[in-house]
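One letter stands for each residue in the lines below.
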Amino acid sequence: MATAFLYAGQGSQHAGMGRDMYEAYPAFAAVIDAADAAVDFGLKTLMFEGPDDQLNLTEYTQPCMVAFACGMTAVLAECGIEPDYVAGLSLGEYSALAAAGVFDPVEAVKLAAFRGAA
């Protein structure tokens with residue numbers, strides 16, 4: 001039997017997302033810590049504490065959601081669950097590409113956080 005992972009786009013973000021996973025799974029924490037260090041805002045603080053109005057801004061939502069998805073993928077991999085197929089809806093494409101090995105999770109988060117030239 002084949003296993004497929006489908007990654008969601010933005011819309012399910014909320015303050016507190018991933019805090020329980022961060023505390024319970026070192027693989028998840030490692031991804032979140034690396035992502036937090038790679039962007040120019042407090043990704044971990046925003047994910048865990050909010051405020052929701054800032055987290056709901058696309059420029060913050062997207063890297064947070066990719067970091068969360070990549071963290072979950074790391075937890076599943078640690079449990080021996082690997083996808084045969086991956087797909088992503090909208091923003092979820094970045095997480096799917098990371099799961100497929102096209103990018104590492106930090107690269108995927110940095111791409112999602114890209115704001116272009118000012």
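Residues numbered from 1 in each chain as written. Predicted model: local features only at pLDDT ≥ 70, side-chain atom pairs only at ≥ 80, totals over all residues. Heavy atoms only, no water.

### Remarks on helix α6 (residues 92-99)
Along α6, the residues that are buried comprise Gly92, Ser95, Ala96 and Ala98. For α6, the angular spread of buried residues about the axis comes to 160°, placing them on one side. Against β1 (4-7), α5 (58-78), β2 (85-88) and α7 (105-113) lie the buried residues of α6. Immediately beyond the C-terminal end of α6, within one or two residues, lies glycine 101, with a positive phi of roughly 90°. (Buried < 20%, exposed > 50% of the residue type's maximum accessible area, 1.4 Å probe, protein only. Helix = DSSP H or I, 4+ residues; strand = E, 2+ residues; numbered from the N terminus. Arc of directions from axis to C-beta. Contact = heavy atoms within 4.5 Å.)

### Points about the pattern of salt bridges
If you walk through the whole model with that rule in mind, you get one salt bridge. A salt bridge links lysine 44 to aspartate 33, with the nearest nitrogen and oxygen atoms 3.1 Å apart. Pair noted here: lysine 44 is in helix α3 (residues 43-49) and aspartate 33 is in helix α2 (residues 26-38), with a separation of 11 residues, a long-range link. A relative accessible area of 24% places lysine 44 in the partly exposed class. The exposure class of aspartate 33 is partly exposed, given its relative accessible area of 33%. (Salt bridge = Lys/Arg side-chain N within 4 Å of Asp/Glu carboxyl O.)

### Side note on the side chain of glutamine 13
Counting through the fold element by element, glutamine 13 comes out in the loop between β1 and α1 (19-24). We classify glutamine 13 as buried; its relative accessible area is 13%. Only 2.7 Å separates the side chain of glutamine 13 from the backbone nitrogen of glycine 11, close enough to count as a polar contact. A distance of 3.1 Å separates the side chain of glutamine 13 from the side chain of asparagine 56, its partner in a polar contact. (Polar contact = N/O pair within 3.5 Å; in protein donor to acceptor, adjacent residues only side chain to side chain.)

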